[in-house]
Amino acid sequence: MRFRLRLVVAWAALSLAACASTGGPPRPASLALDGWAPQTVSTRVVSLGLPGGAVLAQGVRYAGGLQISAAVNSPIHSLSDLKLTGEDEIVSVSDVGDLVRARLRLDGRGRLAGLDEIVSRRLTRLDGTPITEKAEGDAEGLVVTDDGRLLVSFERDHRIWDYGRPSAPNARPTPVRHPDFAFSENDGMEGIAWASGRGAPDGWRVAGESGGVWDCSPARCVVVTAPPETPLPDSEYRITGMDRDPAGDGWFVIERRYRAPIDARGRIRRMTADGTLGPVLVELKLPGTTDNFEGIAAQRRADDVRLYILSDDNFNPAQRTLLLAFDVRP
């Protein structure tokens, strides 16, 4: 889902107030990766910004964050979701049809401090040719299944495709089940997460940006919460990303709200099996660090769950690509 922020001068001033120091230059990726192109970015460590912005629930602490900057023609823009594929490896998709991999760098305290070995490649069509148009490459969500396969959800042409293993994606993806619902063109399957385990069959949970939650399997999709008769507008909180809670039942979701001209907010909540959303764990808003948050990934770390959230800059110089980390005590 795309939106544009205005009042660039005010936004930039508040953004500078949230910046801290550089996290050191990213380490380049090997040039020998088959089919992957190394990418150059710069990163800057960011705080949560000015007082009165971020609100963290009890048991939640900030674990560091980055602003990721790249050249205008770089594919490291408009990133719309992320998931972890290893202890420190992430995979992301963009809403113009790019698949991105990188390695997280943590400091001695375990806080997010940098991003290394960044590579990208184009997503492909069913016939194996690269996707070239925004209308067919608007990737909004992704899942890494228990057996390591990558599922990608698209909007505009609403579908979910199985690309196989993220490290060596299939050139010819396989369509998988998605909700039989008439999503509007630019409000599709933004939240998607693995839904299996604990006795449940293999499957994936899907959340529509304008409302509705479904549990899907290879055979069918079942409604968990029905979409509202009146779709949720962008001026209200809507789910834009989702991942399974690795410490127990349920999911974590990232929600976004935007009210013109510059009131962009994000918040993190838990979702139960029946689709109920719990109390707000993290709220991000001005005058603190905030942007167009669309991606979330969850990881078990000792007694905590580490959450990473990612913002989509829409190729807009008034917006930023932010990767923020939070530790949540189960």
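An account of the accompanying structure is given in this report. (Residues numbered from 1 in each chain as written. Predicted model: local features only at pLDDT ≥ 70, side-chain atom pairs only at ≥ 80, totals over all residues. Heavy atoms only, no water.)

Before going further, it helps to examine the pairing of strand 24 (residues 321-328). Both faces of the sheet carry side chains from a regular strand, because those side chains alternate between them. Most of strand 24 sits inside the fold, with 8 of its 8 residues counted as buried. Direction of pairing for strand 5 (residues 60-69) relative to strand 24: antiparallel, over a ladder of 7 bridges. The residue of strand 24 that forms the bridge with R61 is D327. With 6 bridges connecting them, strand 23 (residues 304-311) and strand 24 associate as antiparallel partners. Along strand 24, the bridge assignment pairs R306 with D327. (Buried < 20%, exposed > 50% of the residue type's maximum accessible area, 1.4 Å probe, protein only. Helix = DSSP H or I, 4+ residues; strand = E, 2+ residues; numbered from the N terminus. Pairing = 2+ DSSP bridges.)

Moving on, we come to the sheet that holds strand 14 (residues 191-194). The antiparallel open sheet is built from 4 strands, whose spatial order is 14-15-16-17. Lying at the two open borders of the sheet, with one neighbouring strand each, are strand 14 and strand 17 (221-225). Adjacent strand axes in the sheet meet at a mean angle of 20 degrees, parallel and antiparallel pairs treated alike. Pairing analysis gives 4 bridges linking strand 15 (residues 204-207) to strand 16 (residues 213-216), with the strands arranged antiparallel. When the sheet's bridge partners are listed, V206 is paired in strand 16 with W214. (Axes fitted to C-alpha atoms, helices over the stretch in contact; angles between N-to-C directions.)

P261 follows A260 through a cis peptide bond whose omega is 10 degrees. Within the element layout of this structure, P261 appears in the loop between strand 19 (251-259) and strand 20 (263-271). With omega at 10 degrees, the peptide bond leading from L286 into P287 counts as cis. By the element assignment, P287 lies in the loop between strand 21 (277-284) and strand 22 (293-301).

Turning our attention to the packing of aromatic side chains. Under the defined criterion, the tally for this structure stands at 7 aromatic pairs. Ring geometry for W161 and Y163: centres 6.4 Å apart, planes at 55 degrees, overall tilted. Overall, the relative accessible area of 9% leaves W161 in the buried class. For Y163, a relative accessible area of 1% gives the class buried. Note on F183 and W214: the rings are 5.5 Å apart at their centroids and 70 degrees apart in plane angle, and the pair reads as edge-to-face. Here W214 lies in strand 16 and F183 lies in the loop between strand 13 (174-176) and strand 14, a separation of 31 residues in the sequence. Grouping residues by exposure puts F183 and W214 together as buried. The side chain of R101 reaches across the aromatic face of W36, ending 4.9 Å from its centre. (Phe/Tyr/Trp six-rings, centres within 6.5 Å; stacked < 30°, edge-to-face > 60°. Lys NZ or Arg CZ within 6 Å of the ring centre and 35° of its normal.)

This part covers the sheet that holds strand 4 (residues 55-56). One open sheet holds the 5 strands; their spatial order is 4-21-20-19-18, and the pairing between them is antiparallel. Edge positions in the open sheet fall to strand 4 and strand 18 (238-244), since each of these has one partner strand only. Relative to strand 19, strand 18 runs antiparallel, the two being bridged by 6 bridges. Counted as the bridge partner of R244 is W251 from strand 19.

The next thing to look at is the side chain of T124. Along the chain, T124 falls in the loop between strand 9 (112-122) and strand 10 (139-144). Of the polar contacts made by the side chain of T124, one reaches the backbone oxygen of A171; its length is 2.7 Å. When near neighbours in sequence (up to four residues on either side) are disregarded, T124 contacts T129, P130, I131, W161, Y163, N170, A171, R172 and P173. (Polar contact = N/O pair within 3.5 Å; in protein donor to acceptor, adjacent residues only side chain to side chain. Contact = heavy atoms within 4.5 Å.)

With the rule as written, the count across this model stands at 1 disulfide. Across a sulfur-sulfur distance of 2.1 Å, C216 and C221 are joined as a disulfide pair. Looking down the S-S bond of the C216 and C221 bridge, the torsion is 110 degrees, so its handedness is right-handed. (Disulfide = S-S within 2.5 Å.)

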